[in-house]
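Here is how the chains run, residue by residue.
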Amino acid sequence: MTDEELLAAGLLVERTGPVTTITLHRPEVRNAQTPAMWRALASVGESIGDDVRVVVLRGSGHSFSAGLDRAMLDPAGADDDESVIGLLRLSDAEMAEAIDAFQRGFTFLRDPRFVSIAAIQGYAVGAGFQLALSCDLRVVAEDAQFCMKESALGLVPDLTGTKPLVESVGYARALEICATARMVGADEAVSIGLALTAVPPAELDSSVADLVGALTAPLVGAVRETKALLLGATGRDLEEQRKLEREAQVRRFREVARLMAAPGTD
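Residues numbered from 1 in each chain as written. Predicted model: local features only at pLDDT ≥ 70, side-chain atom pairs only at ≥ 80, totals over all residues. Heavy atoms only, no water.

### Let's talk about empty space enclosed by the protein
On inspection of all chains with the given rule, the structure shows 1 cavity of 30 Å³ or more. Put simply, the largest cavity is a space of about 40 Å³. Lining the largest cavity we find R53, R113, F114, L215, V220, V223 and R224. Tallying contributions element by element places helix 10 (residues 220-231) first for the lining of the largest cavity, with 3 residues. Per-class residue counts for the lining of the largest cavity are 4 nonpolar, no polar and 3 charged. (1 Å grid on protein atoms, 1.4 Å probe; cavity = no way out; pocket = protein on both sides within 12 Å on 5 of 7 lines; lining within 4 Å. Points joined across faces, edges and corners; volume = space filled by probe spheres on them. Helix = DSSP H or I, 4+ residues; strand = E, 2+ residues; numbered from the N terminus. Nonpolar A, V, L, I, M, F, W, Y, C, P; charged D, E, K, R; others polar.)

### Overview of the pairing of strand 1 (residues 11-16)
Bridge count between strand 1 and strand 2 (residues 19-24): 6 bridges; the pairing is antiparallel. From the neighbouring strand, L12 faces strand 2, where its bridge partner is T23. (Pairing = 2+ DSSP bridges.)

### Focus on the side chain of S134
Relative to the helices and strands, S134 is located in helix 5 (residues 127-134). Within the structure, S134 has its side chain in polar contact with the backbone oxygen of Q130 (distance 3.0 Å). When neighbours within four sequence positions are excluded, S134 is seen to be in contact with F106, L109, R110, S116, L159 and T160. (Polar contact = N/O pair within 3.5 Å; in protein donor to acceptor, adjacent residues only side chain to side chain. Contact = heavy atoms within 4.5 Å.)

### Things to note about the pattern of salt bridges
Side chains carrying opposite charge are able to pair once their charged atoms draw close together. In total, this model carries 15 salt bridges according to the counting rule given. R15 is the salt-bridge partner of D51, the closest N and O atoms lying 2.8 Å from each other. One end of the pair, D51, is in the loop between helix 2 (35-47) and strand 3 (54-59); the other, R15, is in strand 1, with 36 residues separating them in the sequence. For D51, a relative accessible area of 48% translates into the label partly exposed. A salt bridge links D136 to K227, with the nearest nitrogen and oxygen atoms 2.6 Å apart. Taken together, the residues span a long stretch of sequence, with D136 in the loop between helix 5 and strand 6 (137-141) and K227 in helix 10 at a distance of 91 residues. (Salt bridge = Lys/Arg side-chain N within 4 Å of Asp/Glu carboxyl O. Buried < 20%, exposed > 50% of the residue type's maximum accessible area, 1.4 Å probe, protein only.)

Set out below in structure tokens:
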């Protein structure tokens, strides 16, 4: 997609060296999300090359994302195929297929080629919460507020947020957060493992920049292999995990040896 098409969908994308920054850019509606934005996110994910090491996701203005654009729930938009009413006109299979396409705007952030970071200020509600959960790491401002709002609307989280939420905070806490649709503040998010750290809003950018610097310091292959090992660790038994560790370490030793033997290497 062109920069103009991305902007029309509510995204700004900037590339600086090995870092790609994706900004949700609909500040007038607190970066509320639409199917067009989800498709644009999926397109950005497909365009990320092997030379990208870190993807930073953030929101314009004072909120990360207030979730689903409420215009999708407006009966006046009944003629819009991407409204909720438009989805209800589809068969069950067609509706599930449409949601599958929406989910692809979230799943690319788990790609083992890079580490994804959500920089969160203000509200991260519903789809915003799930987009933050799609990232590997979350750094939050002290005013951050998370909420899985779907149950209050009679719905379930369907944008791939349930699995990383359970992995971050455990089943019981994840169930309580989702079923009650309550707000989770920054301090609690850190204490339950949902976020790495909470900082004053004025320090959010510098804290994320420091983390990006730390993540891009090691050899790229070491970080990618480590992420791949950790991503699937909970679904493997010990024997399979240690086998994969051995195989990854063999590759790492070979690459390090090649680099040390290369001309001009100290």
